[in-house]
Amino acid sequence: MFMIYFGIDILLHTEISWKEKRIALLTNHAATTNQLVPSRLALQKKGYNIVKLFSPEHGLDVQGADGAIMQDGLDVLTGLPVISLYNKKVTPVKEDLQDVDIVLVDIPDIGVRYYTYLWTMTYMLEACALYKKKMIVADRPNPISGAIELSEGPMMDEQNCSSFIGRWHIPLRHSSTLGELALYFNEEKNIQADLEVIRCLNWNRNDFQPSWELEFVPTSPAIQTFHSALLYPGLGLLEATNISEGRGTNKAFQIIGAPWLNTDALMQKISMELGSMLTVQPLQFIPKESKYQHQNCYGILLQVNNQHQFKAVTCGLILIKLIKDLHPDNFQWAAYPTNVNPTGNGHLDKLTGLHHSEALFNTSFNDFKITINRLTHAGKWQQRIHPFLLY
């Protein structure tokens, strides 16, 4: 297999006419070359005139807690000023871009609508259009593959559910790259930015991250491994419940649990309903933070049987339904306060993109499965995104 080159690698190996122009870089520490050198440092050493950095949720160092406000600062690695786009503002203002000629975007994504780096990119795209700045996306592969047939709804209900964890009408698992989505939104939303995408080299969009033969770089505090990323489109929905999704452990989004969970009964149900996609085993864990901090949780570890056939969103929705039905007296929907949603209310609607989504879980199990099968179909997404696919 040929080595994969990210957009940033192509940029660093090409003679570029604009390297001495004033460049702002939207990035974080998870954005590296294929040799694991932080992109911002590699660009600076190559002579690119980076004048400032912008950072998304979790901050430039990728250490900020989920939903926590990130402040402006100074990058110790490059000495450059850092403007946070996850505090009181989530989009650059005129003053942020007035001393900039070009905005370069290099952020790793994991292919899920409610992962916020995508939306930070779209706010930057709009700002570049408004203030007449060229935007260049150094593209990266989708770690959970760009296989469009694996895309899953629900589609985003923009009128009722649009938020910072899902602004626009795309599937929950979109099977695209940030570069492709930038091109798509630039036309679909008539943004009309001066946009360029630097493609990756040697990436097959049907491949998953382990086949790249490159180390997985943690993209946020809870996404430390490929396996967490693979399960995240479904298990991320647990944020809207009182079930631990494993935050505060080293297997976030791979384990779930609660002090009251009947693991034996749940594993039997999972084996019957999801056994073709998931293998599960019991475990106990004590989260260091988040839900049930310092409490013993009875839980299960989930492992994907075949990543090429795995429907993460379907599994996540059915898993919640199984637990809710098994534990009607213990299960609860929960608020999830963040910087962009201080009350935390309506979190399940924002995650799923569905209005009044909690009501779905009050139906019979058979009716629920029929509804979920319809909702997780990504509609005409394959046809709509096809003209913008780069690989």
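Residues numbered from 1 in each chain as written. Predicted model: local features only at pLDDT ≥ 70, side-chain atom pairs only at ≥ 80, totals over all residues. Heavy atoms only, no water.

**Remarks on the sheet that holds strand β3 (residues 73–74)**
An order of β3-β4-β2-β1-β5-β6-β9 is seen for the seven strands of this open sheet, with the pairing classed as mixed. In this open sheet, the two strands that pair with only one neighbour each are β3 and β9 (195–198). Sitting on the sheet, helix α4 (residues 117–130) touches β1 (23–27), β2 (50–55), β5 (102–106), β6 (134–138) and β9, and the angle it makes with β6 is about 155°. Along the sheet face, helix α6 (residues 178–188) touches β6 and β9 and points at about 160° away from the line of β9. (Pairing = 2+ DSSP bridges. Helix = DSSP H or I, 4+ residues; strand = E, 2+ residues; numbered from the N terminus. Contact = heavy atoms within 4.5 Å. Axes fitted to C-alpha atoms, helices over the stretch in contact; angles between N-to-C directions.)

**Comments concerning the pattern of salt bridges**
Opposite charge on two side chains permits pairing when their charged atoms draw close. On inspection of all chains with the given rule, the structure shows 16 salt bridges. For K369, the salt bridge goes to E273, with nearest N and O atoms at 3.2 Å. Of this pair, K369 sits in helix α11 (residues 365–375) while E273 is found in helix α8 (residues 263–274), placing the two residues 96 residues apart along the sequence. The partly exposed category is assigned to K369, whose relative accessible area is 31%. In this structure, the salt-bridge partner of K321 is D325, at a minimum N-O distance of 3.3 Å. Separated by four residues within a single helix, K321 and D325 lie in helix α9 (residues 312–326), roughly one turn from each other. Put simply, D66, E239, E245, R247 and K291 are held in one network by salt bridges that share partners. (Salt bridge = Lys/Arg side-chain N within 4 Å of Asp/Glu carboxyl O. Buried < 20%, exposed > 50% of the residue type's maximum accessible area, 1.4 Å probe, protein only.)

**A look at empty space enclosed by the protein**
Scanning the entire structure with this criterion turns up four cavities of 30 Å³ or more. In this model, the largest cavity occupies a volume close to 50 Å³. Lining the largest cavity, in full, are I107, D109, I110, G111, R140, P141, N142, P143, S176, T177 and L178. Partitioned by chemical class, the residues of the lining of the largest cavity number five nonpolar, four polar and two charged. (1 Å grid on protein atoms, 1.4 Å probe; cavity = no way out; pocket = protein on both sides within 12 Å on 5 of 7 lines; lining within 4 Å. Points joined across faces, edges and corners; volume = space filled by probe spheres on them. Nonpolar A, V, L, I, M, F, W, Y, C, P; charged D, E, K, R; others polar.)

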